[in-house]
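Below are the chains, spelled out letter by letter.
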Amino acid sequence: MALINNAGGSLSSALMLTLLAWGVRWLRAELNRKRREEEAGRQASRRTLGRFYARLSPVALRMLVETGPCPHHIFLLRAPGSGPHDALPPELRGALRLPESRVATVLGSPAAWSESFQGIPFPTPNFTLVFVGDTEEEEARAAASAASCGFQRSLVLEGGLQQLAAGVAQPQADLRFINRDALAVLLGMGADDAGGGGPGGVVHAPMATLIDVRRSDERALYGAIKGTVHIPVDQVASALALPPDQFAAQYHFPKPGAEDLVIFSCRTNVRAGWAAQLAQDSGLSRVLVLRQGVYGWRLDPAVKPYRGYRLQDAPPEAEPFQVEPVSVEAGRVELAQMGIPVL
């Protein structure tokens, strides 16, 4: 008769072997997953960086966080739990932690995004994605991964995280504003009595490039100041990094030079202020912001004031307003004080 006094030991051994086999399978699956993610990252790094890729100064990053000029997410290219948020610079304490090797996986799948960032909606392609890592090379690989998932608007931090951690960020540049009457004089408005300017109309004013950084839908629905050209605010950084020929081909006006007078406008002045900082970071020295924005222009019936809205929202009705006259004298005085001669 067969003995069975070792049956308990045999069952325990079988259970241990089963658990060991399961553990080996799990470990192999995890290693294969990590290899796939790393390979995806390497392949993405060899692809394009995206149509609107650009480098961002620490000052411009701070302004982006503080003023929110466009829809964006900031990604810290580190794993969750890799360090206390309190040790990070203020600009990054609300950043989403995402290892560079997982960028393609998370941005390529709403399900993977939800698993990583519960409660945060999956970004739409119009979002600007900012990547902050230890090096610019790591940031560029993450931007390439984002581009492979259809996100063309990527910014990376100049110098990487080390520059922020070292406190290298310079103070924000002093933004210079121009009031609507001074801009109207530069644009030749109010030169005739019929235009409300009275005597003293402008015969000659220096060339200035007035760039409207609102979205295309805002310009189409509510009008634009005559003489403006257009670069959406989420393209300003990448536009200013283009060679002059590519800039002109894409935006249909000459790229401003370092000494050219450039004026940015938006609905108020938030987006224009950030664009002005980007312009100064790129080397432009004569940069102004329209203080009243399009909302306070009110010098042209075709340019209507309106409440701010998101791209996915229903556009609001334009607000009623009375067209106001241009004060040529006030405009001349302001331009003289700013060292901008008019005749």
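Reading guide: rules and limits
Every chain's residues receive numbers from 1 upward, in the order its sequence appears when written. pLDDT decides what is reported in this predicted model: residues at 70 or higher carry local features, side-chain atom pairs at 80 or more are listed and counted, and totals for whole chains, interfaces and linings draw on all residues regardless. Only hydrogens and water are set aside; all other atoms, that is, all heavy atoms of the structure, feed into the side-chain values. Secondary structure elements follow DSSP: runs of H or I of four or more residues count as helices, runs of E of two or more count as strands, with numbering from the N terminus. Each residue gets one of three labels from its accessible area relative to the maximum for its type: buried under 20%, exposed over 50%, partly exposed in between, using a 1.4 Å probe on protein chains only. The contact rule is simple, with two residues in contact once any of their heavy atoms fall within 4.5 Å. Values of accessible area rely on a 1.4 Å probe in the Shrake-Rupley scheme; residue burial ignores everything except the protein chains shown. Two rings from Phe, Tyr or Trp (for Trp, the six-membered ring) form a pair when their centres are within 6.5 Å of each other. A pair whose planes differ by under 30 degrees is stacked, one over 60 is edge-to-face, and the rest are tilted. Definition used: whenever NZ (Lys) or CZ (Arg) falls within 6 Å of the ring centre and also within 35 degrees of the ring normal, the charge is taken to sit over that ring. A strand pair is defined by DSSP finding two or more bridges across the two strands.

Now for the overall build of the chain. A tally of regular secondary structure across the chain gives 12 helices and 10 strands. When each of the 343 residues of the chain is scored for burial, the buried share is 43%. Restricting to contacts in the chain with at least 6 residues of sequence separation, those with at least 24 account for 67%. Carbon and sulfur atoms form 56% of the exposed surface of the chain, whose accessible area is close to 17,600 Å².

Now for unusual backbone geometry. A positive phi angle, close to 65°, is found at His-252, a residue other than glycine. Position of His-252 relative to the elements: it lies in the loop between α10 (244–251) and β9 (261–265). According to the relative accessible area criterion, His-252 is exposed, its value standing at 68%. A positive phi is found at Arg-298, a non-glycine position, where the angle reads about 55°. Along the polypeptide, Arg-298 turns up in the loop between β10 (286–290) and α12 (328–337).

As a further point, take the packing of aromatic side chains. Going through the model one piece at a time under the given rule, you end up with 11 aromatic pairs. Look at Phe-122 and Phe-151: their rings are 6.1 Å apart centre to centre, the planes differ by 70°, and that puts the pair in the edge-to-face class. In this pair, Phe-122 sits in the loop between α4 (110–116) and β4 (128–132) while Phe-151 sits in the loop between α5 (136–148) and β5 (154–157), placing the two residues 29 residues apart along the sequence. What links up through ring pairs into an aromatic cluster is the set Phe-75, Trp-113, Phe-117, Phe-122, Phe-131 and Phe-151. Arg-298 extends its terminal NZ or CZ atom over the ring of Tyr-295, reaching a point 4.9 Å from the ring centre.

Spatial strand order, β6-β10-β9-β7-β8: five strands in an open sheet with parallel pairing. Here the strands that pair on one side only, and so sit at the sheet edges, are β6 (177–178) and β8 (229–230). In the sheet, strand β7 (residues 208–212) pairs with β8 via two bridges, with the strands oriented parallel. Residue Ile-211 lies in a different strand from β8, and its bridge partner there is Val-229.

Here the focus is the pairing of strand β2 (residues 72–76). Within β2, four of the five residues are buried, which leaves it mostly tucked inside the rest of the structure. For β2 and β4, the ladder comprises five bridges, and the chain directions are parallel. Residue pairing for β4: Ile-74 is matched across the bridge by Val-130.

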